[in-house]
Amino acid sequence: MTTPIPGPPETPDSMSDWPTGRLLSTAARLVEHAWIEALGRLGLTHAGLIVLHLLGPGPLNQTELARAARVQTQTMSRTLERLEREGYVARVRDERDQRRHSVTRTEAGTAVWHQAGTLEADVFPALNDAAVLRDALLGIISASSARRW
């Protein structure tokens, strides 16, 4: 029995033959790595950025944040603990229900949220028509999440 001889390594030109799912998956991984690195320089995680975004309109409790972020309450608790350690959020006991905490964005949290607002332009390559890509991604997410959430 002979061992197959591996072919030449794939070159970027051969990516044009890849299935769309593989292209999307590869692009997502590359973007995610760049995004995580850039957020890390600000002392944030992707989950933390989502929380700071959700708190923009005003305070929410942990359960509301978890529901809006589509994560478990325990996951949100860990995210809030990290954001609180960094000084980006504050938790205050709810006066009407002592078991609940109202979470607010601090001044430092607002400042880092604004800093993160430029990350996309700083990290990702410029696209000729970003709106078309965004619309396509929203369509993919909407169609896929209907089966999942």
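Residues numbered from 1 in each chain as written. Predicted model: local features only at pLDDT ≥ 70, side-chain atom pairs only at ≥ 80, totals over all residues. Heavy atoms only, no water.

Peer 1: How should I be thinking about the pattern of salt bridges in this particular structure?
Peer 2: Between side chains of opposite charge, a pair can form as their charged atoms come close. As enumerated under the stated definition, the model contains 2 salt bridges in all. The shortest N-O distance in the salt bridge between Glu-84 and Arg-91 comes to 3.0 Å. What makes Arg-91 partly exposed here is its relative accessible area of 24%. (Salt bridge = Lys/Arg side-chain N within 4 Å of Asp/Glu carboxyl O. Buried < 20%, exposed > 50% of the residue type's maximum accessible area, 1.4 Å probe, protein only.)

Peer 1: How do you make sense of the pairing of strand E3 (residues 101-105) when you look at a structure like this?
Peer 2: As paired elements, strand E1 (residues 60-61) and E3 share 2 bridges and run antiparallel to each other. Each bridged residue has a counterpart across the sheet, and for Asn-61 the counterpart in E3 is Ser-102. Bridging between strand E2 (residues 89-93) and E3 involves 5 bridges; their strand directions are antiparallel. Directly across from Ala-90, in E3, lies its bridge partner Thr-104. (Pairing = 2+ DSSP bridges. Helix = DSSP H or I, 4+ residues; strand = E, 2+ residues; numbered from the N terminus.)

Peer 1: How should the sheet that holds E2 be read in this particular structure?
Peer 2: Adjacent strands of a sheet pair through backbone hydrogen bonds, lying either parallel or antiparallel. Reading across from one edge, E1-E3-E2 is the order of the 3 strands in this open sheet, with antiparallel pairing throughout. Looking along the sheet, the strands with just one partner apiece sit at the ends: E1 and E2. Packing of helix H4 (residues 73-86) onto the sheet brings it into contact with E2 and E3, and relative to E2 it is tilted by some 115°. (Contact = heavy atoms within 4.5 Å. Axes fitted to C-alpha atoms, helices over the stretch in contact; angles between N-to-C directions.)

Peer 1: Where do I start with the packing of helix H2 (residues 46-54) against helix H5 (residues 107-116) in this structure?
Peer 2: Each pair of packed helices can be summarised by the angle the axes make with each other and by the distance between the axes. Here H2 crosses H5 at 110°, and the two axes come no closer than 10 Å. Relative to H5, the element H2 lies roughly perpendicular. Read as a crossing pair, H2 and H5 show a hand that is left-handed. On H5, the residues touching Leu-49, Leu-52 and His-53 of H2 are Gly-109, Val-112, Trp-113 and Ala-116. Among the residues forming the contact of H2 with H5, the class breakdown is 5 nonpolar, 2 polar and no charged. (Parallel < 35°, antiparallel > 145°, perpendicular 65-115°, else oblique. Left-handed = near helix turned anticlockwise from the far one by under 90°. Nonpolar A, V, L, I, M, F, W, Y, C, P; charged D, E, K, R; others polar.)

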